[in-house]
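# Descriptive structure summary
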Amino acid sequence: MRGLLALAAASVVVRAIFDAGGGVRVASLVLRQLRYGRPRAHPPEQSRLYARGRHRLETHLGGRPDGRRVVVALSVEGHPSSAVYRVGESDPWHDFERQAGLVGAAWGPCRSVSAGL
C-alpha cells in the first residue's frame, strides 16, 4: 500500500513540474550534472583590488613558510610602497581591512589592475 501511495505522490509531483514548464529546467539540471558533475566549492579568492577615494591597493593573500597567512598590499598609483599584514586563518580579508583601515572600502576581485573597480 505504501508503494502505491509513493508512486501516486511521485506522479503528481512529476505532473506538476511538467505542467508548470519546469520539465525543461529539470532536464537541463540533470544533463548539466551528468556532463560536469556536482558543483564544487570555489577556491577562496587570492587577490583583491581596494579603493578608498583616489587611493587604490592591489592585495594578494599568501602564506609564509612557517604556515602563517599574510596579505601583501601594493599601491596601484605607482608609489613604490608595499606592506605585509599578518592575518588570521579564519577570516583573513576582514583582518586585513581592519588593520589597513579599509573597513567599508570598495573592493573587487583583482583580475587585472587596468580593469579598475
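My aim in this report is to walk through the structure given alongside it, one point at a time. Remember, predicted model here, so these are calculated numbers, not experimental data. (Residues numbered from 1 in each chain as written. Predicted model: local features only at pLDDT ≥ 70, side-chain atom pairs only at ≥ 80, totals over all residues. Heavy atoms only, no water.)

### Description of the overall build of the protein
- If you tally the helices and strands in the protein, you get 3 helices and 5 strands.
- Taken from the N to the C terminus, the helices and strands of the protein come in the order α-α-β-β-β-β-α-β.
- Burial analysis of the protein (117 residues in total) assigns 23% to the buried set.
- For the protein, the proportion of contacts with a sequence separation of at least 24, taken over those separated by at least 6, is 35%.
- Roughly 8,800 Å² of accessible area belongs to the protein as shown, and the carbon and sulfur atoms make up 59% of that amount. (Helix = DSSP H or I, 4+ residues; strand = E, 2+ residues; numbered from the N terminus. Buried < 20%, exposed > 50% of the residue type's maximum accessible area, 1.4 Å probe, protein only. Contact = heavy atoms within 4.5 Å. Areas by Shrake-Rupley, 256 points an atom, 1.4 Å probe, with all protein chains shown as cover.)

### A look at the side chain of Thr 59
- With respect to the helices and strands, the residue Thr 59 is situated in strand E2 (residues 55-63).
- We classify Thr 59 as buried; its relative accessible area is 0%.
- Residues within four places of Thr 59 in sequence aside, it is in contact with Gln 46, Ser 47, Arg 48, Tyr 50, Val 71, Val 72, Ala 73, Trp 93 and Phe 96.

### Considering the packing of aromatic side chains
- For the coordinates displayed, the defined rule picks out 5 aromatic pairs.
- Measuring from ring centre to ring centre gives 5.0 Å for Tyr 85 and Phe 96, while their planes differ by 75°; the resulting arrangement is edge-to-face. Of this pair, Tyr 85 sits in strand E4 (residues 82-87) while Phe 96 sits in helix H3 (residues 92-100), and the two are 11 residues apart along the sequence.
- A residue is classified by how much of its surface remains accessible, and Phe 96, at 0% relative accessible area, is buried.
- Here a set of aromatic residues connected by ring pairs shows up, and it is made of Tyr 50, Tyr 85, Trp 93, Phe 96 and Trp 107.
- The side chain of Arg 48 reaches across the aromatic face of Trp 107, ending 3.5 Å from its centre. (Phe/Tyr/Trp six-rings, centres within 6.5 Å; stacked < 30°, edge-to-face > 60°. Lys NZ or Arg CZ within 6 Å of the ring centre and 35° of its normal.)

### Section: the sheet that holds strand E3 (residues 69-75)
- On the basis of which strands lie adjacent, the open sheet formed by 5 strands has the order E4-E3-E2-E1-E5 and antiparallel pairing. The outermost strands of the open sheet, each flanked by one partner alone, are E4 and strand E5 (106-109). Here the average twist between neighbouring strands, direction ignored, is 25°.
- In this sheet, E3 lies alongside E2 in antiparallel orientation, the contact comprising 7 bridges. Looking across to E3, one finds that His 60 is bridged to Val 72.
- Against the sheet, H3 contacts strand E1 (47-52), E2, E3, E4 and E5, and its axis sits at roughly 125° relative to E4. (Pairing = 2+ DSSP bridges. Axes fitted to C-alpha atoms, helices over the stretch in contact; angles between N-to-C directions.)

### Remarks on the pattern of salt bridges
- If you walk through the whole model with that rule in mind, you get 3 salt bridges.
- Among the ionic pairs, Asp 66 bridges to Arg 68, the shortest N-O distance being 2.9 Å.
- Owing to a relative accessible area of 34%, Arg 68 belongs among the partly exposed residues under this scheme.
- With a shortest N-O distance of 3.7 Å, Asp 95 and Arg 98 are connected by a salt bridge. Taken together, the positions of Asp 95 and Arg 98, both in helix H3 and 3 residues apart, correspond to about one turn of that helix. (Salt bridge = Lys/Arg side-chain N within 4 Å of Asp/Glu carboxyl O.)

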